[in-house]
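# An overview of the molecular structure
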Amino acid sequence: MPFLWKGGGYPGTGGTCATDLPASGTCTLVIEFAPGTVATFNENLTLNYNNGLVAVSSTRALTGTAVPPALLVVDAGPTYDYGTVPTGGSLDRTFTVTNSGGFTASSLGGAGLSAPFTFKGGSFPGGGTCAATLNVGASCTFIVTYAPTATGSQSGTIQVTYNNGVSGQTSTRGVTGTGAAPASLSLSHGPTLDYGTLPVGATADHTFTLTNSGGVPASAIVG
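All of these numbers come straight from a predicted model, not from anything done at the bench.

Procedures and definitions
Residues numbered from 1 in each chain as written. Predicted model: local features only at pLDDT ≥ 70, side-chain atom pairs only at ≥ 80, totals over all residues. Heavy atoms only, no water. Phe/Tyr/Trp six-rings, centres within 6.5 Å; stacked < 30°, edge-to-face > 60°. Helix = DSSP H or I, 4+ residues; strand = E, 2+ residues; numbered from the N terminus. Lys NZ or Arg CZ within 6 Å of the ring centre and 35° of its normal.

Take the packing of aromatic side chains next. Overall, the coordinates contain 12 aromatic pairs when judged by the stated rule. Between Phe 119 and Phe 142 the ring centres are 6.0 Å apart and the planes differ by 70°, which places this aromatic pair in the edge-to-face class. With Phe 119 in strand 9 (residues 117-119) and Phe 142 in strand 10 (residues 139-146), the pair connects residues that are 23 residues apart, well separated along the chain. An angle of 40° between the planes, with centres 5.6 Å apart, marks the rings of Phe 124 and Phe 142 as tilted. Remark: Phe 142 occurs in strand 10 and Phe 124 occurs in the loop between strand 9 and strand 10; sequence separation between them is 18 residues. Members of the aromatic cluster, each reached through a chain of ring pairs, are Tyr 80, Tyr 82, Phe 95, Phe 117, Phe 119, Phe 124, Phe 142 and Tyr 146. A cation sits over an aromatic face here: Arg 93 above Tyr 80, 4.6 Å from the ring centre. The ring of Phe 95 carries Arg 93 above its face, with NZ or CZ at 4.9 Å from the centroid.

Here it is, written out as structure tokens:
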């Protein structure tokens, strides 16, 4: 059974009881509950002693329930791709954390990120809803910003740290993104196109080529 004298013997490590207890005296016992499987356990603590006349016993019922430790899972698959973002710009992504274990997670925090990936505003949860604890079956959010300052592929790892009820744990989520030059549009045929000389009433057409030499699409183009 998972109920044990702490340290292995009576009165348990930290306990003060000895083999004798004076009249009106008090002492302490330390019993440890250390379950190894998920279940509800019941046991009796029995103390045998001599009451001055005969051998008697005192009994106290013990019960405890073992559940799986907290387990935090971050959404967005093993690696979330921000896609292509222009240098000088930024893109936010809201991540969801779910406690799929059987115990409340505590000491929840975030770590591991460095530019160009940061918790929005500079600290966890970046304007999201995550707090220090997360109950069983509950979810919360945190926000990570990707703000590239150079072109090319970049990657990072989000670390969500917590205590699962037994020890400190870390849940991770990879992030990646590609920095690209902003859109840059240019027209063909140099700075000035000369239509030449036409008589009044005539027309001349010319087709220009518009080229985007940047790394991201140009949008909302109007003439």
